[in-house]
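Descriptive structure summary
Now for the letters of each chain:
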Amino acid sequence: MVKIYSKKIKQNRKEVKIMKTFTYTIKDALGIHARPAGVLAKEAKPFASTITVAAAGKSADAKRIMAVMALGIKQGVQVTVTADGADETDAIAAMEKIFKENL
Amino acid sequence: MEQYSGKKIFSGVAIGKIFCYEKEQNMVVRRKVTDVEAEIARYEEAKKEAVSQLQELYKKAIKDVGEVNAQIFEVHSMMLEDGDYNDSVYNLIRSQEINAEYAVATTGDNFAEMFANMEDDYMKARSADLKDISERVIAILSGAVTGEAMSDEPVIIVAEDLAPSETVQMDKEKLLAFVTRLGSANSHTAILARTMNIPALIDVDIKKEWNGKMGIVDGYSGKIIIDPDEATVEEFKKKQREDIEKRELLSSLKGKENITKSGQKINVYANIGNTSDLAAVLQNDASGIGLFRSEFIYLEKSDFPTEEEQFQVYKQVAETMAGKKVIIRTLDIGADKQVDYFHLDKEENPALGYRAIRICLTQTDIFKTQLRALYRASYYGNISIMYPMIISVEEVRRIKEIVEEVKQELKSENIPFSEVEQGIMIETPAAAIISDELAKEVQFFSIGTNDLTQYTLAIDRQNAKLDMFYNSHHEAVLRLIKLVVDNAHKEGIWAGICGELGADTTLTQRFLEMGLDELSVSPTFVLPVRKAVRETN
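Quick look at the structure, then. Keep in mind that this is a model prediction, so the values were computed, not measured.

We now examine the overall build of chain A. Broken down by element type, chain A carries four helices and four strands. Counting every position in chain A, which comprises 103 residues, the buried fraction comes to 39%. The contacts in chain A between residues at least 6 apart in sequence include a share of 72% that link residues at least 24 apart. Total accessible area computed for chain A in this model is approximately 6,000 Å², and 56% of it derives from carbon and sulfur atoms.

Residues and elements named next belong to chain B. According to the stated counting rule, one finds 17 aromatic pairs over all chains in the structure shown. On the numbers, 4.8 Å between centres and 65° between planes, the contact of F304 with F342 is edge-to-face. Separated by 38 residues along the polypeptide, F304 in the loop between α11 (295–299) and α12 (307–320) and F342 in the loop between β11 (325–329) and α13 (357–362) bring together distant segments of the chain. Looking at F304, the relative accessible area reads 33%, which means it is partly exposed. By relative accessible area, which is 6% here, F342 ends up buried. For the ring pair F311 and Y380, a centre distance of 5.8 Å and an interplane angle of 65° mean the geometry is edge-to-face. Placement of the pair is F311 in helix α12 and Y380 in the loop between α14 (364–378) and β12 (382–387), with a sequence separation of 69 residues. Looking at F311, the relative accessible area reads 6%, which means it is buried. An aromatic cluster of three or more residues is present, and its members are Y298, F304, Y341 and F342. The aromatic ring of Y380 is capped on one face by K315, whose charged end is 5.0 Å from the ring centroid. A cation over a ring is seen here: R376 above F311, with NZ or CZ 4.0 Å from the ring centre.

Glancing now at the nonpolar core. Within soluble globular proteins, side chains that are nonpolar generally end up buried alongside one another. Core analysis: the largest hydrophobic core is formed by 105 residues, its most contacted members being Y314, F342, Y387, F445, I481 and F511 of chain B. Beyond its immediate chain neighbours, meaning those up to four positions away, F445 of chain B contacts I424, I426, S435, L438, A439, V484, A488, I493, W494, A495 and G496 of chain B. Counting residues in hydrophobic clusters, the runner-up holds 65 residues, among them A34 and V53 of chain A together with A103 and I138 of chain B.

Within the secondary structure layout, H33 of chain A lies in the loop between β1 (20–25) and α2 (34–44). Of the polar contacts made by the side chain of H33 of chain A, one reaches the side chain of D28 of chain A; its length is 3.4 Å. Once residues lying within four places of it in the same chain are set aside, the contact partners of H33 of chain A are D28 of chain A together with Y122 and M123 of chain B.

Taking 1.5 Å per residue, 16 residues should reach 22 Å; helix α19 (residues 475–490) of chain B reaches 23 Å between its end C-alpha atoms and fits that length. Buried residues of α19 of chain B: V477, L478, L480, I481, V484, V485, N487 and A488 of chain B, and no others.

Moving on to the sheet that holds strand β15 (residues 494–497) of chain B. Residues and elements named next belong to chain B. Here eight strands make up a closed barrel; going around it, the order is β9-β10-β11-β12-β13-β14-β15-β16 and the pairing parallel. Adjacent strand axes in the sheet meet at a mean angle of 25°, parallel and antiparallel pairs treated alike. Sheet topology note: the strand β14 (residues 444–447)/β15 ladder contains four bridges and is parallel. The residue bridging F444 from the neighbouring strand is W494, located in β15.

Turning our attention to the interface of chain B and chain A. In this complex, chain B contributes 22 residues to the contact, which on the side of chain A involves 18 residues. Summed over both partners, the interface of chain B with chain A comes to about 1,600 Å²; 67% of that surface belongs to carbon and sulfur atoms. Our count for the contact surface shared by chain B and chain A stands at three salt bridges. When the shortest N-O distance is used, the salt bridge between K42 of chain A and E74 of chain B registers 3.3 Å. In this assembly, chain B and chain A are joined by five residue pairs in polar contact (both at pLDDT 80 or more). Of all the secondary-structure elements, those providing two or more residues to the side of chain B that touches chain A are α2 (67–80), α3 (83–96), α4 (100–116) and α5 (121–125) of chain B. Grouping the amino acids of the side of chain B that touches chain A by side-chain chemistry returns 11 nonpolar, two polar and nine charged.

About the cut-offs
- Every chain's residues receive numbers from 1 upward, in the order its sequence appears when written.
- Lettering for chains starts from A, numbering for ligands starts from 1, and both go in the order in which the items are written.
- Local features in this predicted model are restricted to residues whose pLDDT is 70 or higher, and side-chain atom pairs enter the listing and the counts only when it is 80 or higher, whereas totals over whole chains, interfaces and linings include all residues.
- With hydrogens and water set aside, each side-chain value is computed from the structure's full complement of heavy atoms.
- For helices the rule is a DSSP run of H or I covering at least 4 residues; for strands it is a run of E covering at least 2, with both sets numbered from the N terminus onward.
- Type-normalised accessible area, obtained with a 1.4 Å probe on protein chains alone, sets the label of each residue: buried when under 20%, exposed when over 50%, and partly exposed for intermediate values.
- Contacts are assigned to residue pairs with any non-hydrogen atoms lying within 4.5 Å of each other.
- The method behind every accessible area is Shrake-Rupley, applied with a 1.4 Å probe, and residues are considered shielded solely by the protein chains displayed.
- Pairing of aromatic rings covers Phe, Tyr and Trp, the last through its six-membered ring, and needs centres within 6.5 Å; plane angles under 30 degrees mean stacked, over 60 mean edge-to-face, and all others mean tilted.
- Either the NZ atom of lysine or the CZ atom of arginine qualifies as a charge over a ring when it sits within 6 Å of the ring centre and within 35 degrees of the ring normal.
- Remark: nonpolar core denotes a set of buried residues (Ala, Val, Leu, Ile, Met, Phe, Trp, Tyr, Cys) joined through side-chain atoms within 4.5 Å.
- N or O atoms within 3.5 Å of each other form a polar contact, as long as, within protein, one can give a hydrogen and the other can take it, and as long as residues adjacent in sequence are counted only when both atoms are side-chain atoms.
- The span one expects for a helix is its residue count, reduced by one, times 1.5 Å.
- Think of it this way: DSSP has to see at least two bridges between two strands before they count as a pair.
- Here, axes are lines fitted to C-alpha atoms. For helices the fit covers the stretch in contact, and angles between N-to-C directions go from 0 to 180 degrees.
- Summed over both partners, the accessible area lost on bringing two parts together, with a 1.4 Å probe, is the buried area.
- In the sections that follow, a salt bridge refers to a side-chain nitrogen of Lys or Arg positioned within 4 Å of a carboxyl oxygen of Asp or Glu.
- Each residue gets one of three labels, nonpolar for Ala, Val, Leu, Ile, Met, Phe, Trp, Tyr, Cys and Pro, charged for Asp, Glu, Lys and Arg, and polar for the others, Gly among them.

The structure is reproduced here in structure tokens:
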């Protein structure tokens with residue numbers, strides 16, 4: 001019992017420490033096009049955390065507009081966004097808001 | 001003081017500073033640099049300037065085209081601040097000890113290539129954005145003047161040639177005259193000059209060194225004078241004043257009927273290419289709009305305009321004209337008017353290619369969006385619709401089917417609309433010859449003499465070399481016009497002209513004899529045509 005309990009805590013701690021993440025399916029007809037990629041880069045920049053957008057086996061730094069555009073993510077594709085760093089909780093909340101509002 | 005001659009395509013006098021409009025194709029030379037950090041600082045400085053230019057453009061665009069369309073400039077400045085882009089520039093300068101211009105050009109090309117190779121058509125088109133931002137920085141680095149950075153004061157535009165999409169983007173308030181090396185009397189630049197009532201010359205041996213100098217464009221004799229002396233400036237100021245007086249005389253014709261001495265009446269309407277032309281329509285007392293070219297809505301955008309965006313434009317025009325007739329021509333893109341996001345294939349012979357109604361009847365979703373917007377706007381004024389580049393009765397019937405679908409859709413959505421008069425452009429010899437058949441299908445004809453002449457004479461209106469063969473009064477064209485008018489009247493519908501020929505006052509009498517019901521001309525020609533009508537017996 002004790003053993004399992006402690007393992008669980010360990011796991012939880014690990015998750016908290018490593019990163020925050022969410023998945024989102026793109027609804028915008030053009031996919032992640034220039035404008036939302038720009039909004040994303042602009043909003044991601046102030047955060048200290050490393051923020052990554054990943055889909056279909058490729059990933060890009062959310063702070064880099066061209067790398068995100070180069071992913072060529074289309075409508076209907078599921079993306080995974082992760083934030084890793086000191087302010088990852090705020091960062092992931094901000095990212096989630098942007099995806100919901102713009103994409 | 002130097003003087004150069006060209007061919008006049010629109011008269012008038014302009015005095016002002018010369019602005020050499022250059023397509024941003026700066027030749028970039030690879031140079032070795034010794035102080036790489038200084039070179040990077042030079043790049044940073046230029047980038048800062050580029051970003052501030054883009055911010056200015058963004059602000060201006062918000063006012064002109066609205067927030068959504070202006071965002072492209074914000075995206076451009078973000079691209080310039082992009083980490084990968086900048087890393088590439090720094091790396092090239094440091095590792096190869098080369099000049100910033102070359103590093104930016106190489107980086108721009110590489111990134112443009114990357115986008116060009118993507119599968120998605122939208123992403124492919126972004127390679128143009130990469131070229132655009134890179135060229136902006138290179139232009140700043142090499143001290144060249146960029147297209148958009150047109151100075152604050154009105155200028156005489158001097159250029160090799162001007163594409164329709166370039167003239168569309170120019171700030172109309174700041175144009176005094178056009179002087180180009182290429183172009184022809186029937187080009188888009190010429191049409192714009194006529195619409196705006198500013199002098200224009202072509203076939204001029206233009207020189208880059210003119211940039212920033214004072215110039216006089218004499219659209220009467222076809223001359224441009226560089227660095228004029230004071231006496232010359234005075235002489236031309238006098239000419240300008242005489243022009244104004246003449247125009248004021250014409251103003252006295254405002255409010256008068258378009259009626260000949262023997263009592264024959266004709267409608268004189270205005271052609272417009274943008275909502276910004278509406279003021280000129282009202283100032284020149286046109287009794288309606290005979291041709292509203294809807295293309296500008298598409299040309300000014302980086303993606304298909306939505307139904308709502310189009311509706312707002314059509315509604316504004318309909319409301320401004322307050323019950324007067326507004327004839328809106330559906331999308332006439334292709335040939336010399338290209339829009340990136342349509343991704344039209346390069347054609348051997350675009351004038352005979354995939355354009356206008358042919359696009360609309362193939363990509364019916366684009367067509368239906370426009371028709372929905374037009375019908376919705378019809379509720380707010382007196383809108384008529386006409387369709388360009390018709391060659392057959394079948395096309396017209398297909399159009400009517402689609403129109404019917406649109407009306408049914410709106411009805412089922414409880415969206416109000418009014419009855420809309422349906423007409424077609426007669427601009428192909430085919431349409432003119434079968435106009436007896438076509439007249440049974442529609443409520444009016446509007447003869448597009450520019451294309452009708454081009455297709456009848458087999459002369460490309462953009463080719464300046466052919467100007468000597470081009471006869472706008474060719475008997476074949478005039479007989480086709482007569483045929484169209486007769487066939488229209490037999491079926492009890494009306495016929496007008498909305499091409500350049502309608503404004504040719506040496507033909508006004510002949511048009512009246514043919515029985516034309518309407519002439520639609522550039523706003524600045526409304527009163528001269530009225531004068532010609534009133535002087536006809």
